[in-house]
Amino acid sequence: MTLLNNILPEARRGKLRALLDKGETVRVLEAHNGLSGIIVNNARVEGRSDELSIHREFDAIWESSLTDSASKGHPDIEVISFDSRLQSINEILAVTHKPIIVDGDTGGDSNNFEYMVTKLERAGISAVIVEDKVFPKRNSLEPGVQQTLEEPEIFGQKIQRGKSVQISTEFMIIARLESLIAGKSIDDALDRAQIYIQSGADGIMIHSKEKSPSQIMEFAERYQEMTLKMGCDIPMVCVPTTYNTITENELRAAGFRIIIYANHLLRSANKAMEEVARTILLNQRSFEVDPICSPVREIFKTVGFLDVKEKDKFDINNKNIPVIIPAAGEDPVLKTELNGKPKSMLKIAGKTILDWQINTLNNNNLTDITVVTGYASKEMKAEGITLRENKNYKKGSELNSLIDAQEKMKSGFIMLYSDILLEEQILAKLITCKEDIVLVVDNTMQYHGPEISRVQDLITSKNKHQLTRRKISFVCENIISKIGSKLNPETATHEFIGLGKFTKTGAEQFLQTYEDCAKNYQGKFQEAKDISKLKFTDLIQEMIDRGYAVHFLEIHKGWLEIHSKEDIKLANHFLPNS
Ligand code: SPV
Ligand code: MG
C-alpha cells in the first residue's frame, strides 16, 4: 500500500463532477484491486507525439463488476456480494486519489440500492452506474445470453430512491441503458433515457457489444437532440470495448463526456499470467519468464515498500547506521587475479569480497550501504547497495573516497575498508558501543608479535597494556593515543582492522577536522607526505592531537584482510564455499 495517494473521502468525491463541470472529457480505466488501482492512478505518458507535446493521464478509475468478479474467479452474474465488492472498492480507495466510478450492476431492488448509494457516497466514491436489467443480471458482452430488462418505470423509481438518500450534491447516479445489449431498438433506449433523466439520473450510459460504433453514434446524435428539447445537459457515458477502433476525439465530438476502458488491466494480466505459467512448465525453471515479468523491485516501488525502507532509516529505534565502504583505489599487488576489476569484485569461496561484506552487514541489520568506487567503477556490481563514484580517486587516498560520501555521515556512520572480511559478532559488538568514535583493533600482536612482512595500521593504547591473566574495570579506558603505519611495532599495542563507528557528534568532529586540515594546511602532515594524500589514520591522529577522544573496541582474531595471494588462499580455506 502506498501512502502517497492518500486523500479524504470529502476531497475525492466531488472531483468527477468538477471535471464534468469544467467541460472536460473524462478518461477512465478499470481497476480490480489495490495494485491495479495504483497503476491506473499513477499511469502517465509524457513527451512528444506527432510534433505535439503530450501529457496524458487517466482522470478516473472504473471499479468493474466483470473484473472484480473475474479476479475473484467468479462469473459476472451478481454472485459476488456487495460486501465483497465493497472490500475491493476499499482496497482501491486506500491507495488512489483519483475519482472512482463504481459499477453497481442492477443495484438490487430499490431498498438494496439505497444502501449501496449510502455506503458508496460515504466512502468517497464519485458515481455509481446502475443498469436497467433485472437482478441477477448477466454480463453484457457474451452473445447468446438471455438479457432481461427491467420495466423503465420501476427502474426510474430505483433511481429516485437512490437520489433521495444521498447527502452530498457531489455524488452521481448514472443510469445505464441495456436496450441495445438486449436486442431492442435505439428508440427504446431513448425512451428509457428520458424516463431516467426525469427520475433524477445525473448521467446516461449507453452500452453496445457491436464491433461497429454506428449504433452508438446514432444514439448519441438523437440523445443530444432529445436533451436539448428537454432543456437539460446530462452527460453521456460509453464503454468502447468492442467498437474499439473509434478514438477518444471522435467519441468526444459525438458528445460523450465519460469514456470507460472497462476491463483491460485484468485482461492483460490474465494473458501475461497464463504465458508465464506455461513457460515455466515448458522450461522447468523461471529464467525464461523474467523478460515478461516486472522486476520484484518495481512492485516494491509501486506498493510503497521502498518508501518504508527509506523511512526506517530515520526511525528512532533504528540501528541501521549508514555504512560507507571506500573502494576506489587500484590494487597494485593482485593485478593478475583482479584482471581489470576492482578488488571488491575478487571472488573468495565463490562470492565477491563485497558480497561477503554485504552479507555480514545485512545480518547485523545494516542495509544502508554506500560503496565509493573509482578504479574500474563500471565493474563494481552488487545488489542492495548505493554506488558513488569518486572520479578523482587517483589523486587522494581512501579518506577522500570516504569524504565523498559525507552526506551519509550526518547522523553517524560506520566505515569499513573494502578489503577486509570479518565475523558478524565483531559488528554486533561495535554497534552497541556508545562512544562517539570507536575503532576496532586486534590484540593478536601482543601474543605473536607484529607481522613484519606487511604494512599494518597500528595503534598504541593510552593506558599501558597489562598482559595479566585477569582484569576488571568500570571505566572505559580503551582510548587510542597513537595511530599510523609508522608506529614502532615494539611499543604498539594493537592493529587497526579497518572498521570504525562514528556517532552524529563523532561524525561532526571528524568532518570539521578534515575541513580545517584541507583548508588551512599544506605539505607534509602527520604520516602523509602531502596533505592531499592524507589517510584515514592520519586524520584520526590529528583528531587525537586536538584532544578528541578516540576509543577502541578490542577483538582477538575473527577477521581477515586480502592483501596478497596468501591472504586469498587463507580466506578460501576459512570461508564456507557458496
Ligand atoms: C463491467 O466492466 O463490468 C461492465 C462493462 O459492466 S461490460 O462488461 O461491458 O458489461
Ligand atoms: Mg459490470
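None of the values given here were measured: they were computed from a predicted structure.

Mind showing me how you'd approach the site of ligand 1 here?
Neighbouring ligand 1 are the residues Trp62, Ser64, Ser65, Leu66, Asp76, Asp103, Asn139, Ser140, Leu141, Arg176, His207 and Ala262. Ser64 places a side-chain nitrogen or oxygen 2.8 Å from an oxygen atom of ligand 1. At 2.8 Å, a backbone N or O of Leu66 approaches an oxygen atom of ligand 1. When ligand 1 is considered free in solution it has 280 Å² of accessible area, and contact with the protein chains removes 100% of it. Counting atoms within 2 Å of the grid points, the majority share of ligand 1 lands in the largest cavity. Its residues placed into classes, the shell around ligand 1 shows four nonpolar, five polar and three charged.

Any chance you could explain the confidence of the model for the protein here in plain terms?
Interpreting fine coordinate detail is not advised for predicted regions of low pLDDT. On average, residues of the protein score 94 in pLDDT, and 97% of them are at 70 or above. When pLDDT is averaged over each element of the protein, strand β6 (residues 127–131) comes out on top at 99 and helix α18 (residues 445–448) at the bottom at 78.

Could you clarify how one ought to interpret the packing of helix α19 (residues 504–520) against helix α20 (residues 536–545) in this entry?
A pair of packed helices can be characterised by two numbers: the angle between their axes and the separation between those axes. Where α19 meets α20, the axes come as close as 10 Å, and the angle between the chain directions of the two elements is 100 degrees. In this view, α19 runs roughly perpendicular relative to α20, as classed from their interaxial angle. Facing α19, whose interface residues are Gln509, Phe510, Thr513, Tyr514 and Cys517, α20 presents Phe536, Leu539, Ile540, Glu542 and Met543. The residue inventory of the contact of α19 with α20, partitioned by class, reads seven nonpolar, two polar and one charged.

Hey, could you run me through the coordination of the magnesium ion (ligand 2) in this one?
Coordination angles at a metal have ideal targets, namely 109.5 degrees for four tetrahedral donors and 90 or 180 degrees for six octahedral donors. Each protein donor to the magnesium ion (ligand 2) is listed here as Ser65 (OG) and Asp103 (OD); together their distances run 2.0 to 2.1 Å. One end of the pair, Ser65, is in helix α4 (residues 65–71); the other, Asp103, is in strand β5 (residues 100–103), and 38 residues separate them in sequence. For Ser65, a relative accessible area of 2% translates into the label buried.

Where do I start with the pairing of strand β19 (residues 458–461) in this structure?
Along any regular strand the residues' side chains alternate between the sheet's two faces. Alternating positions in β19 separate into two faces, Leu458 and Thr460 on one and Ile459 and Ser461 on the other, with burial throughout. Sheet topology note: the β19/strand β20 (residues 480–484) ladder contains four bridges and is antiparallel. In the sheet register, Leu458 faces β20, and the bridge partner there is Gly484. As paired elements, β19 and strand β21 (residues 494–502) share two bridges and run antiparallel to each other. Bridging across to β21, Leu458 finds its partner in Glu495.

When you look at the domain arrangement of the protein in this model, what are you seeing that I'm missing?
Interface size is commonly expressed as the accessible area that is lost once the parts come together. Taken domain by domain, the protein comprises domain 1 (2–268) and domain 2 (318–574). Here the C-alpha centroids of domain 1 and domain 2 sit 63 Å apart.

What am I meant to see in the pattern of salt bridges here?
A pair can form between side chains of opposite charge whenever their charged atoms are brought close. Scanning the model with the defined rule gives 36 salt bridges in all. Ionic pairing is found between Arg176 and Glu178, a salt bridge with its closest N-O pair at 2.7 Å.

How should I be thinking about the environment of Ser168 in this particular structure?
Its place among the elements puts Ser168 in the loop between α7 (152–165) and β7 (172–177). Of the residues examined, Ser168 reaches a relative accessible area of 18% and is grouped as buried. A C-alpha to C-alpha distance of 7.9 Å links Ser168 and Glu121, two positions 47 residues apart in sequence. Once residues lying within four places of it in the same chain are set aside, the contact partners of Ser168 are Arg13 and Glu121. Among the polar contacts made by the side chain of Ser168, one reaches the main-chain amide nitrogen of Glu170 at a distance of 3.2 Å.

Would you take a moment to explain the pairing of strand β4 (residues 60–63) for this structure?
Of the two faces of β4, the one carrying Ala60 and Trp62 and the one carrying Ile61 and Glu63 are both buried. Pairing geometry for strand β1 (residues 26–31) and β4, over four bridges, is parallel. Counterpart to Leu29 in the pairing with β4 is Ile61. Of the strand pairs in this sheet, β4 and β5 are connected by three bridges, and their pairing is parallel. Each residue of the ladder has a partner; that of Trp62, found in β5, is Ile101.

Cut-offs and rules
Note that residues are indexed from 1 along each chain, following the sequence as it is written. As they are written, the chains are lettered A onward and the ligands numbered 1 onward, keeping that order. Local features in a predicted model are, by the rule used here, given only for residues with pLDDT of at least 70; side-chain atom pairs are given and counted only at 80 or more, and totals for whole chains, interfaces and linings are based on all residues. Only hydrogens and water are removed before side-chain values are computed, so all heavy atoms of the structure are retained for them. Any residue with at least one heavy atom within 4 Å of a molecule or strand is counted as near it. Distance and chemistry together define a polar contact, namely a pair of N or O atoms within 3.5 Å, with one atom able to donate a hydrogen and the other to accept it when in protein, and with adjacent residues in sequence counting only for side-chain atoms on both sides. Residue burial considers only the protein chains on display, and all accessible areas are found by Shrake-Rupley using a 1.4 Å probe. Here a cavity is any set of points on a 1 Å grid over the protein atoms alone where a 1.4 Å probe fits but cannot get out, and a pocket is any open set with protein on both sides within 12 Å along at least 5 of 7 lines; a residue lines the site when it has an atom within 4 Å of a point. Whether a molecule sits in a cavity or pocket is decided by its atoms, more than half of which must lie within 2 Å of the grid points. Classification used: nonpolar for Ala, Val, Leu, Ile, Met, Phe, Trp, Tyr, Cys and Pro, charged for Asp, Glu, Lys and Arg, polar for all others including Gly. The score called pLDDT rates the predictor's confidence residue by residue, from a low of 0 to a high of 100. Strands here mean DSSP runs of E at least two residues long; helices mean DSSP runs of H or I at least four residues long; both are numbered from the N terminus. Axis definition: a line fitted to C-alpha atoms, limited for helices to the stretch in contact. Angles are taken between N-to-C directions and run from 0 to 180 degrees. Just so you know how the angles are binned, under 35 degrees is roughly parallel, over 145 roughly antiparallel, 65 to 115 roughly perpendicular, and the rest oblique. Contacts are residue-level and defined by heavy atoms, with any inter-residue pair within 4.5 Å sufficient. Water is not part of the atom set, so a site may look incomplete; the donors themselves are N, O and S atoms within 2.8 Å of the metal, or 3.2 Å for Na, K and Ca. A simple rule labels every residue: compare its accessible area, found with a 1.4 Å probe on the protein chains alone, to the largest value its type can have, and call it buried under 20%, exposed over 50%, or partly exposed in between. Pairs of strands are assigned from DSSP output, requiring at least two bridges between the strands. Bear in mind that the domain bounds are from an automatic or database domain assignment. When a carboxyl oxygen of Asp or Glu lies within 4 Å of a side-chain nitrogen of Lys or Arg, that pair is called a salt bridge.

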